[in-house]
Amino acid sequence: ISLMIFSQQPFIGFNAFFILAFTALTICSYLYLDLPIARLFHNLPLPYSIDKFAYFLTNLGLSGYYLVGLALIALIAFLCQKKPLAHASVFLFICILVSGIASGVLKIIFGRARPDEFFDLADYGFYWFKLKAQYWSFPSGHATTIWTAMLGLCVIKPRWSRLFIIVAIFISLTRVFLAKHYLSDVISALYISLVCVYEVDAFFSRKRYNLGSLGAK
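Residues numbered from 1 in each chain as written. Predicted model: local features only at pLDDT ≥ 70, side-chain atom pairs only at ≥ 80, totals over all residues. Heavy atoms only, no water.

**Q** Which residues make up the overall build of the protein chain, and what values go with them?
**A** Counting its regular elements, the protein chain contains 9 helices and 0 strands. In the protein chain, the succession of α and β elements from N to C terminus is α-α-α-α-α-α-α-α-α. Counting the 217 residues in the protein chain, one finds 42% classified as buried. The contacts of the protein chain with a sequence gap of at least 6 include a subset with a gap of at least 24, amounting to 73%. (Helix = DSSP H or I, 4+ residues; strand = E, 2+ residues; numbered from the N terminus. Buried < 20%, exposed > 50% of the residue type's maximum accessible area, 1.4 Å probe, protein only. Contact = heavy atoms within 4.5 Å.)

**Q** For the pattern of salt bridges, give the residues involved together with the corresponding values.
**A** A complete count under the given rule lists 2 salt bridges for this structure. Note that Asp34 and Arg112 form a salt bridge whose closest N and O atoms lie 2.8 Å from each other. Note that Asp34 is positioned in helix 2 (residues 16-42) and Arg112 in the loop between helix 5 (83-110) and helix 6 (115-121), a separation of 78 residues in sequence. Note on accessibility: Asp34 and Arg112 belong to one class, buried. Residue Asp185 is joined to Arg112 by a salt bridge in which the shortest nitrogen-to-oxygen separation is 2.8 Å. Here Asp185, found in helix 9 (residues 183-206), pairs with Arg112, found in the loop between helix 5 and helix 6; they are 73 residues apart in sequence, far enough to count as distant. Residue Asp185 shares its accessibility class with Arg112, and that shared class is buried. By sharing partners, the salt bridges in this structure join Asp34, Arg112 and Asp185 into a single network. (Salt bridge = Lys/Arg side-chain N within 4 Å of Asp/Glu carboxyl O.)

**Q** Could you give an account of helix 8 (residues 161-177), with specific residues and numbers?
**A** Taking 1.5 Å as the rise per residue, helix 8 with 17 residues should run 24 Å; its terminal C-alpha atoms sit 24 Å apart, in good agreement. All of the buried residues along helix 8 are Ser161, Phe164, Ile165, Ala168, Ile171, Ser172, Thr174, Arg175 and Val176. Once helix 8 ends, the next one or two residues include Ala179, with phi positive near 60°. (Expected span 1.5 Å × (residues − 1).)

**Q** An account of the packing of aromatic side chains is requested, with residue identities and associated values reported.
**A** Inspection of the entire model under this criterion finds 19 aromatic pairs. Taken together, a centroid distance of 5.3 Å and an interplanar angle of 50° make the contact between Phe18 and Phe22 tilted. Highlighted residues: Phe18 and Phe22, both in helix 2, separated by 4 residues, approximately one helical turn. Centre to centre, the rings of Phe18 and Tyr191 are 6.3 Å apart; their planes meet at 35°, and the pair counts as tilted. (Phe/Tyr/Trp six-rings, centres within 6.5 Å; stacked < 30°, edge-to-face > 60°.)

**Q** Before we move on, could you go through unusual backbone geometry and cite the residues and values that matter?
**A** Here the bond from Phe138 into Pro139 is cis, since omega is -5°, no more than 30 degrees from zero. Mapped onto the secondary structure, Pro139 falls in the loop between helix 6 and helix 7 (141-156). One non-glycine residue, Phe129, adopts positive backbone phi at about 50°. Backbone geometry at Ala179 places phi at a positive 60°, although glycine is not the residue there. If you trace the backbone, Ala179 turns up in the loop between helix 8 and helix 9.

In structure tokens form, the structure reads like this:
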């Protein structure tokens, strides 16, 4: 799967049809799916154990854990002269950092009200250039992080791509399940992750860092 996405030249993510398809999917979700799905899960009574487990899973999309952990792994790997592991750790670190910055900037620009704002104040839509976190719904930061991490791992370990993508789908959709984000927020996060991972991978390829030497191409 990862080879199909990232090895194509030119990159499929920059293909006009692909961009239009992603845009159309996001718009259709915004117009027809976001609110019905948000209402469904907002009103869904959940047992405490399921709710707690869902929050545990959704917190796997917090970028801080990855950035700190990967920085430590990279440092130790460099000190131990484990270059393939060090390069892979730096690769994932940069992917998550770049996608996180991109997501954060877009959140402010679009200023989309979160589902809580809709249920509390009936605010729905884009309010543009907002500095308050209540209006940082689009794109989902958690979804961006987990998609970036898993797509980055697809580059390093292509044979495990299906597993990584299943994990990304499952965890990113917890944002919708918990009514913290709309479906279109997660869809947009996927596209941002695709572009960021591709660009960082292309940079590493130009520098001839061998990410595949960790075992799996």
